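As a plain string of letters, each chain reads:
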Amino acid sequence: MYATRTRNARPEPFAVHVGIGERLGLAHMDWPLTIAAVSLIAFSVFVLGEATQTDVPGDPNYYLERQAIYALLGIVGMVLLTRIDYSRFRELRVGLYTFLCASVSLVFVFGFAARGSRRSFELPFFSFQPSELGKLLLVLALAGFVIDGARRGSEVQRTVRYLVLGLAPAALVFLQPDLGTSLVFGAATLAVMYFGGVPWTHFAVIGGALVVLVALVLVAAPAAGVPILKGYQKERLTSFASPNEHSDGAGYQQNQSKVAIGSGQLTGRGDKATQTRLDFVPERHTDFIFAVIGERYGFMGAALVLSLYALLFWRALRITTLSKNVYGTLVAGGIAVSLLFQTFVNVGMNLGIMPITGIPLPLMSYGGSSVVATFLAVGVLQSINVQAHLSQKGRFAW
Amino acid sequence: MYLRNDSRPQGSRLSLRVAVLGGVAVALFAVLFFRLWNLQVLSGDEYLAEAKNNRTREFKVIAPRGDILDRNGEVLVDNRTSLALQLNTQKLPEDPAEERAELARLGELSHMTPRKVRRTIAESEEVAAGAPVTLRQDVGYELIAYIEENQREFPGVTVQRVFVRHYPHTSLAAHVLGNVSEVSEEELKEPRYKRLEPGDEIGQAGVEDTYDSFLRGDPGLTRIQVNALGQPTPGGQLVSMPPIPGDSLKLTIDADVQTAGEGALAARGLPGAFVSMNIDNGQILAMGSNPSYDPTVLTEPTQAQVNELYRDEVLAPLVNRATEGAYPTGSIFKIITALAALENGVITPDTVVQDNGLIEVGTQEFENAGGVAHGAVELRRALQVSSDVYFYLLGLDMWKTNELQEWAHKLGIGRPSGLDLPEESEGLLPSKAWRNQLYSEELTDRPWSAGDNIQLATGQGDLQTNPLQMAIAYAALGNGGKIVTPHVGMEVEDAAGRVLKEFEPKIQRRFKINAGYRNAILEGLHAAAQEGDGTAAGVFGGFPIPIAGKTGTAERPGHGDQSWFAALSPYPNPRIVTIATVEGGGFGAESAAPAVLDILEAIYDKQASAVSSAGGAE
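Rules used in this analysis
All residue numbers refer to position in the chain's written sequence, counted from 1. Naming scheme: in the order in which they are written, chains are lettered from A and ligands are numbered from 1. Local features in a predicted model are, by the rule used here, given only for residues with pLDDT of at least 70; side-chain atom pairs are given and counted only at 80 or more, and totals for whole chains, interfaces and linings are based on all residues. Runs of E in the DSSP output that reach at least two residues are strands. Runs of H or I that reach at least four are helices, and both are numbered from the N terminus. The exposure label follows from counting other C-beta atoms within 10 Å of a residue's C-beta, where the C-beta atoms are placed from the backbone and the thresholds are 20 or more for buried and 12 or fewer for exposed, leaving partly exposed in between. Working definition of a contact: two residues with C-beta atoms, positioned from the backbone, lying within 7 Å. Expected span of a helix, by definition, is 1.5 Å for each gap between consecutive residues, and there is one gap fewer than residues. Fitted lines through C-alpha atoms give the axes, limited to the stretch in contact for helices. The angle between two N-to-C directions lies from 0 to 180 degrees. Should the near helix be turned anticlockwise from the far one by less than a right angle, the crossing is termed left-handed; should it be turned clockwise, right-handed. Ten residues, namely Ala, Val, Leu, Ile, Met, Phe, Trp, Tyr, Cys and Pro, are considered nonpolar, four, namely Asp, Glu, Lys and Arg, are considered charged, and the remaining ones, Gly among them, are considered polar. A residue's bend is given by the angle between axes fitted to the 7 residues ending at it and the 7 residues starting at it. For every residue, the predictor states its confidence as a pLDDT score lying anywhere from 0 to 100. For our purposes the nonpolar core covers buried Ala, Val, Leu, Ile, Met, Phe, Trp, Tyr and Cys residues that link as a set through C-beta atoms within 7 Å. Two strands are said to pair when DSSP picks up at least two bridges between them. Angle categories are assigned with fixed cut-offs, so that under 35 degrees is roughly parallel, over 145 is roughly antiparallel, 65 to 115 is roughly perpendicular, and the rest are oblique.

A.B. asks: Would you mind showing me how to read the overall build of chain A here?
C.D. replies: The helix and strand inventory of chain A stands at 15 helices and three strands. Taking all 398 residues of chain A together, 53% fall into the buried category. Residue pairs in contact within chain A that sit at least 24 positions apart in sequence constitute 69% of those at least 6 positions apart.

A.B. asks: Looking at this model, I keep getting lost on the overall build of chain B. Mind explaining?
C.D. replies: When its secondary structure is counted, chain B shows 23 helices and 23 strands. Looking at chain B as a whole, 42% of its 618 residues qualify as buried. Relative to all contacts within chain B whose residues are 6 or more apart in sequence, the contacts with residues 24 or more apart total 71%.

A.B. asks: Would you take a moment to explain helix H9 (residues 200-223) of chain A for this structure?
C.D. replies: Between the first and last C-alpha of H9 of chain A there are 34 Å, a value that for 24 residues agrees with the 34 Å anticipated at 1.5 Å per step. Little of H9 of chain A is tucked away: zero of the 24 residues are buried.

A.B. asks: What exactly am I supposed to notice about the packing of helix H8 (residues 179-195) of chain A against helix H14 (residues 326-351) of chain A here?
C.D. replies: In a pair of packed helices, the angle between the axes and the distance between the axes together describe the arrangement. All names here are of chain A. Following both chains from N to C, one finds H8 and H14 inclined at 145°, their axes separated by 8 Å at the closest point. Handedness of the crossing formed by H8 with H14: right-handed. Every residue of H14 that contacts H8 at Val184, Ala187, Ala188, Ala191, Val192, Tyr194 and Phe195 is listed here: Thr329, Leu330, Gly333, Gly334, Val337, Ser338, Phe341 and Gln342. Partitioned by chemical class, the residues of the contact of H8 with H14 number 10 nonpolar, five polar and no charged.

A.B. asks: Can you walk me through the environment of Ala527 of chain B in this structure?
C.D. replies: All names here are of chain B. Secondary-structure assignment places Ala527 in helix H21 (residues 515-530). A residue is classified by how many C-beta atoms lie within 10 Å of it, and Ala527, with 21 of them, is buried. Here the alpha-carbon distance between Ala527 and Gly541, two residues 14 residues apart in the chain, equals 9.9 Å. Each residue touching Ala527, except ones within four places of it in the same chain, is listed here: Arg380, Gln384, Gly532 and Gly534.

A.B. asks: Explanation requested: helix H7 (residues 155-174) of chain A in the structure shown.
C.D. replies: Helical geometry note: an α-helix holds 3.6 residues per turn, so side chains three or four residues apart project in the same direction. All names here are of chain A. Given a rise of 1.5 Å per residue, 20 residues ought to cover 28 Å, and the 28 Å separating the end C-alpha atoms of H7 matches this to within 8%. The sharpest bend along H7 reaches about 30° and sits at Leu167, with the proline Pro169 one to four residues further on. Looking at H7, one finds that the buried residues are Arg158, Thr159, Tyr162, Leu165, Gly166, Pro169, Ala170, Leu172, Val173 and Phe174. Among the structural elements, helix H5 (93-110), helix H6 (130-148), H8 and H9 are those in contact with the buried residues of H7.

A.B. asks: Sorry if this is basic, but what is going on with the confidence of the model for chain A here?
C.D. replies: As a general rule, the predicted coordinates of low-pLDDT regions are not to be interpreted in detail. Residue and element names in this part refer to chain A. Chain-level pLDDT for chain A is 83 on average; 81% of the residues reach the 70-or-more range. In this model residues 3-7 is a low-confidence stretch, pLDDT under 50, and it forms one contact with partners more than four residues away in sequence or in other chains. Here residues 394-398 scores under 50 on pLDDT; set against residues more than four positions off or in separate chains, the count is six contacts.

A.B. asks: Any chance you could explain the nonpolar core here in plain terms?
C.D. replies: Nonpolar side chains tend to gather and get buried jointly when the protein is soluble and globular. Core analysis: the biggest nonpolar cluster contains 118 residues, and Phe274, Ile336, Leu339, Ala471, Tyr474, Val596 and Ile599 of chain B have the highest contact counts within it. Contact partners of Val596 of chain B, with chain neighbours within four places excluded, come to Phe565, Ala567, Thr578 and Ala580 of chain B. Ranked by size, the runner-up nonpolar core spans 117 residues in total, among them Tyr86, Tyr162, Leu190 and Leu312 of chain A.

A.B. asks: Just to check I follow, could you spell out unusual backbone geometry for this structure?
C.D. replies: Most peptide bonds take the trans configuration, and most residues that are not glycine carry a negative phi. The omega torsion across Gln176 of chain A and Pro177 of chain A is 0°, close enough to zero to call that bond cis. Tracing the sequence through the fold places Pro177 of chain A in the loop between H7 and H8. For the bond from Tyr571 of chain B to Pro572 of chain B, the omega torsion is 10°, close enough to zero to count as cis. Not every positive phi belongs to a glycine, and Leu363 of chain A is a case in point at roughly 65°. In this structure, Leu363 of chain A sits in the loop between H14 and helix H15 (368-392). For Leu363 of chain A, a count of 28 C-beta atoms within 10 Å corresponds to the buried category. With phi around 55°, Ser386 of chain B is a residue other than glycine that occupies positive phi space. The topology assignment puts Ser386 of chain B in the loop between helix H15 (379-384) and helix H16 (388-397).

A.B. asks: Quick question: what am I supposed to make of the pairing of strand S14 (residues 358-361) of chain B here?
C.D. replies: Residue and element names in this part refer to chain B. In the sheet, S14 pairs with strand S15 (residues 364-367) via four bridges, with the strands oriented antiparallel. Its bridge partner being in S15, Leu358 is matched across the sheet by Glu367. Turn length for the S14-S15 hairpin, with the two strands adjacent in sequence and antiparallel, is two residues, and the turn residue Gly362 shows positive phi of about 60°.

A.B. asks: Just to check I follow, could you spell out the packing of H6 of chain A against H7 of chain A for this structure?
C.D. replies: Residue and element names in this part refer to chain A. Two numbers describe how H6 lies on H7: the axes approach to 10 Å, and their chain directions differ by 165°. It follows that H6 is roughly antiparallel to H7 by the angle criterion. Of the two possible hands of crossing, H6 and H7 adopt the one that is right-handed. Contacts between H6 and H7 involve Ser131, Gly134, Leu138, Leu142, Phe145 and Val146 from the former and Tyr162, Leu165, Gly166, Pro169 and Val173 from the latter.

Following this line, the structure appears as structure tokens:
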């Protein structure tokens, strides 16, 4: 006889009362990570509200309102991702990777050109920059490929395969041209490989190759008449090393940013902040927003922001060790390193110790694509954390 | 193996990698914190000093002024771009000999003596220190090419594109349009100019002044960083905002009617003025004053031309005689006397008076022009043949009361009209109170007398008014007691031709005029203009449109007889009042009436052609 029990009468596999917080997946969220991310975006909205009142004539709250909307969208996206088992992304790796390569390629055709570079699609309410979301997609896809191909080929073959898979989209972004984001792609690729167990010797070789490559791009190729970087890119990259030599172009911007931050001193200049208010510092709502914070709120404000980034990175790194599976470790590691890389390069650029590469400060710079994509990445971290807790209790999913 | 996904990653190997990465992160954050501490706390003072030392200079980008159009969209004023030779004095060579040499070369190029160049620079520095000095406008391309080729010889010299007012019809409606020039220091203190800076241009007269806030536009801004010497830092362009051009002003003036009026006066070669106005809404179709002037002369004046304009006190071309004139009006005033007498019951329209050519009051004799006796006349006839005696008697009847003055005042004589042009004079309405006040202050030799009121009744004596005030009074007669606000501004349009604002000034005041009295007066005026031996029948007898009109011949002590004509058209339901006056023009019918005829022909020819071309739409 077949079973006569109906489906509806089937008992719950786990006879425990599930609370609302648990149902939403919020119970096992990493709260310090959430607090760090939300504090940073809150500070971003506050700073934009104060520092960009005169930027858009007739609309003093232009940047404030938009950034607040992006923040809300991002937080909703983060909460949604928290409830999803990130492991599903591993199965979707080919689709994610294809979408990544297609979207960063399509901007060449349909993209909106700003300042000589095509990076984004103009949507009715929003200009969508696929390479921002691409950072997360690359990590999710590449981590899948690394696990998938773990037993195929020699170690060298595997390393080369990972590099090709990671650097192909990076090259597409580089051609947009968007040097900064392509570097983030490269850092994320190396991070996934690092957590994927690629031998130290391979990293030593890759490091050596990088040095040679930089030398070629900056010195040898232009000397041979084959410029790979555009003039402004090279100037930005090298000027930080000798700002006085370049006090008219890229070095000028960086020098003004340094002066802005320095003049903030311990407690900041508040509304007397002339450097950032009088347009001495360019792109103050995006790439150079840290200079605005440094000038307006001084060491106290800037150090608080840096501490929040340190907290963010620490929690991300911690999640790599908690993950229920290796995929989670690789994804968390890739996200953690790309956040660290962006933060260090952007803040370093503001402080005059890193070249100008046009990398936004995550959760701080104005921009919908960057804010939403970063929150989605944090959401994936939360998902890894939640799944780790659930698996320890012997459960697979909510 | 490390990579077996479904198990937890192997502890020790992962821990090592996490620890290494953690260490790298600690090092990176330490670098950032140390650098931040170094910049802000250790060297903060230096950077603060540097920030305070950062200088900017803002350059204004001039906004083109709005165009001025006539009621049909014909351009009366627009802008042309001109190349101006400018000098940034801070870039002159430091060596005095070199500086002198450059100024001498510049003087040669701009047709100025070196002394003149220095004076121009000094004057300009006084108004706006640091701003580039305009040495000469409208320089040619050859000069620019020469300066660019020899840039090293001319440090600090630039050629700037500027906007200059351009008048396609040269002097047409010059008194209405006015002119623009740089704002003066006193004007800058006025609230309406509080957003301006030295060197900005504002309207100085006419509608350019009245509607300045619409026409002016908002300048754009370029802010650049400069070093301590005031020189731009390369790459230091900080912000750039484009200018917002001024809005266009459409006037109620009709360029064709205006042309006819100005031509009619100019043809007579005598000073004079005219005004033609819609009697229901106060829109001025045409208004002019002869002699006129070319406003271009005031845009970039040479001293000789300006002297010519200002020095000539007799012809005074800058004066708008239509609003600033101060004239006795002669017989065109009689409608006011008639209204006052009728409304106060002194006469009825049919009261008959025996006109023997003169009356005697005390020792004084008052006689008709030429001493003609018109016999028995009632109101209509008295107006048709312009019997002075009839109105002398009314003046005599009302000399002790204030009735004539009350009505003249109600009709707008001797008071501001509310016109939207800054140039206007109130004039003078002589009254008992006024003269007796002067007498008590010993400023005149006699108190108010019957003779004063007799003079006023025929528009003579101390009366001082102008064509515009008379037009308002005639309009009130025509429209049955509405005092309109005369205006020349009709609407403001943006660059795309959208109407932003319409000007429809309110009726200033209303009073009742008995329809029978009004009709009687208009009948008399119609007879005067177009019937039998009417005073202007010789001029208007053949004019196809029925009108009501009145001639006037005013005696002006020290001048020749002043010719006047006032017309309400079409009769009997008038819509337009047209008034002209010619100084020293003799009898009304001699010069003012033909001028009015020219204007009316322009108005009705145009209407006729508009009607025929529109298939009789009106």
